[in-house]
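Coordinate analysis (summary)
Residues per chain, in single letters:
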Amino acid sequence: MAKWGNVDYRQLVKLRDRLEKLQKTDLQKFNEQMVYELAARLLRKAVKRTPVDSGWLRNGWFIGGTHYNNGVYEIDVYNNTEYASYVESGHRTRDHKGWVPGRFMLLISEKELEKDADRIIEKRLIKILGEAFHG
């Protein structure tokens, strides 16, 4: 009868233990934290782009609560200042003869963040995987 040799299962046991540790990671909490982190980054970008006259508009930015709808995590980033939408999107002049172009503080910031979001999430995931596999 042929001899197959000796097998050392210690590495497989370590892998199993690490996978169990990873499985215990609270993914819902991770998702909520990521959504909030991305919203905070969006907020910082929008605030920096917001023009300052009296400071009311810049101080009017807020982050709402996290919601989970149909498999998607959502969070609101908004400005509750009465005239924020006019500054964001543009508006007619008082005499209705001209147009004041929008500043698109939130729109530009959102597009900018969209480019970086995958890298930000990947970095956080690598950190979690590193903690699970390397202690």
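Anyway, here's the lowdown on the structure attached to this text. (Residues numbered from 1 in each chain as written. Predicted model: local features only at pLDDT ≥ 70, side-chain atom pairs only at ≥ 80, totals over all residues. Heavy atoms only, no water.)

The subject of this paragraph is the nonpolar core. Formed by 19 residues in total, the largest nonpolar core has its most connected members in Met 34, Leu 38, Trp 61, Val 77, Leu 113 and Ile 120. Sorting elements by how many residues they give to this core places helix α2 (residues 27-49) first, with 8 residues. (Core = buried A, V, L, I, M, F, W, Y, C linked by side-chain atoms within 4.5 Å. Buried < 20%, exposed > 50% of the residue type's maximum accessible area, 1.4 Å probe, protein only. Helix = DSSP H or I, 4+ residues; strand = E, 2+ residues; numbered from the N terminus.)

Before going further, it helps to examine the side chain of Thr 81. Positionally, Thr 81 belongs in the loop between β2 (72-79) and α4 (84-89). Within the structure, Thr 81 has its side chain in polar contact with the backbone oxygen of Trp 56 (distance 3.5 Å). Side-chain polar atoms of Thr 81 contact the side chain of Asn 79, separated by 2.6 Å. Leaving out residues up to four positions away in the same chain, Thr 81 has contacts with Trp 56, Leu 57 and Gly 60. (Polar contact = N/O pair within 3.5 Å; in protein donor to acceptor, adjacent residues only side chain to side chain. Contact = heavy atoms within 4.5 Å.)

Next up on the list: the pairing of β2. Each regular strand displays side chains that alternate between the two surfaces of the sheet. Judged from the 7 bridges that link them, strand β1 (residues 61-69) and β2 form a sheet pairing that is antiparallel. Paired with Tyr 68 across the bridge in β2 is Tyr 73. The hairpin formed by β1 and β2 contains 2 residues between the paired strands, and Asn 70 there has a positive phi angle of roughly 50°. (Pairing = 2+ DSSP bridges.)

This part takes up the packing of helix α1 (residues 10-23) against helix α5 (residues 105-134). Viewed as axis vectors pointing N to C, α1 and α5 meet at an angle of 140°, and their least axial separation amounts to 8 Å. The pairing of α1 with α5 is recorded here as oblique in orientation. Considering the relative orientation of α1 and α5, their crossing is right-handed. The residues of α5 that touch α1, namely those facing Leu 15, Arg 18, Leu 19, Lys 21 and Leu 22, are Ile 128, Leu 129, Glu 131, Ala 132 and Phe 133. (Axes fitted to C-alpha atoms, helices over the stretch in contact; angles between N-to-C directions. Parallel < 35°, antiparallel > 145°, perpendicular 65-115°, else oblique. Left-handed = near helix turned anticlockwise from the far one by under 90°.)

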